[in-house]
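Topology and contacts: notes
Residues per chain are reported as follows:
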Amino acid sequence: LRIDHEDAARRAFGILWEQGHRYIGYIGPIEAVHPHQSVQHIRAYKQCCQERGVEPSVIQTDIRIPAEDCLRASSQTLRGARRPTAFVCSTAMDVRLLSHAATICDVSVPEELSMISFHIYVLNDDARRQLSTMMISTRDIGEEMVKMLLEKIDKPNKPIPSRALPFREPNWHSIAKPNP
């Protein structure tokens, strides 16, 4: 069973939209560094933009892109004439990067820039104090898994719902640099 990252990104976009943001950006990996999440995040983000008739604003981050280049791209976006007032951030590291760019550009978080991300555990206490946290209970996830498993046992020929496709961790050995 897996987490539905696409649904999470749609919900994140929807929350920002409901708060009145009409120019929502995305920051995060776009390619298959984290295929089980980032590809789904960006796909859902672009679909949300298309459904609402707004232009996407994407800042690409990646372990293969130097951090200075990601920071420069973030700062240019925040200094732009049409800068997003909110961002869907694929990872907590993207929140950290965007927060740093906001400080450089004198954009205050959360007053002038809202962010929704996933996995805030790597943020320090100062960053966490600036952010609101919403969590999906692991109990709720567990209950949903049990329901799907019992239904599959009861009706073995019924197709498995897409949200229950097997989760496969990416091959980290092909991505990570070897430790000296």
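Just above sits the structure.
1. Observations regarding the pattern of salt bridges
- What the rule picks out here adds up to five salt bridges.
- Between Glu6 and Arg43 there is a salt bridge; the shortest N-O distance is 2.9 Å. With a gap of 37 residues between them, Glu6 in helix H1 (residues 5-18) and Arg43 in helix H2 (residues 38-52) connect regions that are remote in the sequence.
- Arg11 is paired through a salt bridge with Asp7; the nearest N and O atoms lie 2.9 Å apart. Taken together, the residues span about one helical turn, with Arg11 and Asp7 both in helix H1 at a distance of four residues.
- Given a relative accessible area of 29%, Asp7 falls into the partly exposed group.

2. Quick look at the pairing of strand S4 (residues 114-117)
- Taking every second residue as pointing to the same face, both faces of S4 are buried, with Ser114 and Ile116 on one and Met115 and Ser117 on the other.
- Two strands pair when backbone bridges link them, and strand S3 (residues 86-89) and S4 are joined in this way by four bridges, in the parallel orientation. Bridging across to S4, Val88 finds its partner in Ile116.
- In the classification by handedness, the crossover that spans S3, the intervening helix H4 (residues 92-104) and the parallel S4 is right-handed.

3. As for the pairing of S3
- Across the two faces of S3 the burial is the same, with Ala86 and Val88 and Phe87 and Cys89 all buried.
- Pairing of strand S1 (residues 24-28) with S3 involves four bridges; the strand directions are parallel. Residue Gly25 lies in a different strand from S3, and its bridge partner there is Phe87.

4. Details of H1
- Helix length check: H1 (14 residues) gives 20 Å between terminal C-alpha atoms against 20 Å at 1.5 Å per residue, within 8%.
- Three or more residues of H1 are buried, namely His5, Ala9, Ala12, Phe13, Gly14, Leu16 and Trp17.
- Residues of H1 that are buried make contact with S1, H2, S3 and S4.
- Gly20 sits one or two positions beyond H1 and adopts a positive phi of about 100°.

5. What to know about the packing of aromatic side chains
- Scanning all chains against the criterion turns up three aromatic pairs.
- Ring centres of Phe13 and Trp17 lie 6.1 Å apart, and the angle between their planes is 15°; on these two criteria the pair is classed as stacked. Remark: Trp17 and Phe13 occur in helix H1; sequence separation between them is four residues, near one turn of the helix. Taken individually, Phe13 and Trp17 each receive the classification buried, so the pair is uniform in this respect.

6. Focus: the packing of H1 against H2
- Interhelical geometry of H1 versus H2 gives an angle of 40° and a closest axis separation of 8 Å. By the angle between their directions, the pair H1 and H2 is classed as oblique. Two packed elements cross with a definite hand, and for H1 against H2 that hand is right-handed. Of the residues in H2, those touching H1 at His5, Glu6, Ala9, Arg10, Phe13, Gly14 and Trp17 are Gln40, His41, Arg43, Ala44, Tyr45, Gln47, Cys48, Cys49, Glu51 and Arg52.
- Considered class by class, the residues forming the contact of H1 with H2 number seven nonpolar, five polar and five charged.

Rules used in this analysis
- Residues numbered from 1 in each chain as written.
- Predicted model: local features only at pLDDT ≥ 70, side-chain atom pairs only at ≥ 80, totals over all residues.
- Heavy atoms only, no water.
- Salt bridge = Lys/Arg side-chain N within 4 Å of Asp/Glu carboxyl O.
- Helix = DSSP H or I, 4+ residues; strand = E, 2+ residues; numbered from the N terminus.
- Buried < 20%, exposed > 50% of the residue type's maximum accessible area, 1.4 Å probe, protein only.
- Pairing = 2+ DSSP bridges.
- Right-handed = clockwise from strand over helix to strand, strands pointing away.
- Expected span 1.5 Å × (residues − 1).
- Contact = heavy atoms within 4.5 Å.
- Phe/Tyr/Trp six-rings, centres within 6.5 Å; stacked < 30°, edge-to-face > 60°.
- Axes fitted to C-alpha atoms, helices over the stretch in contact; angles between N-to-C directions.
- Parallel < 35°, antiparallel > 145°, perpendicular 65-115°, else oblique.
- Left-handed = near helix turned anticlockwise from the far one by under 90°.
- Nonpolar A, V, L, I, M, F, W, Y, C, P; charged D, E, K, R; others polar.

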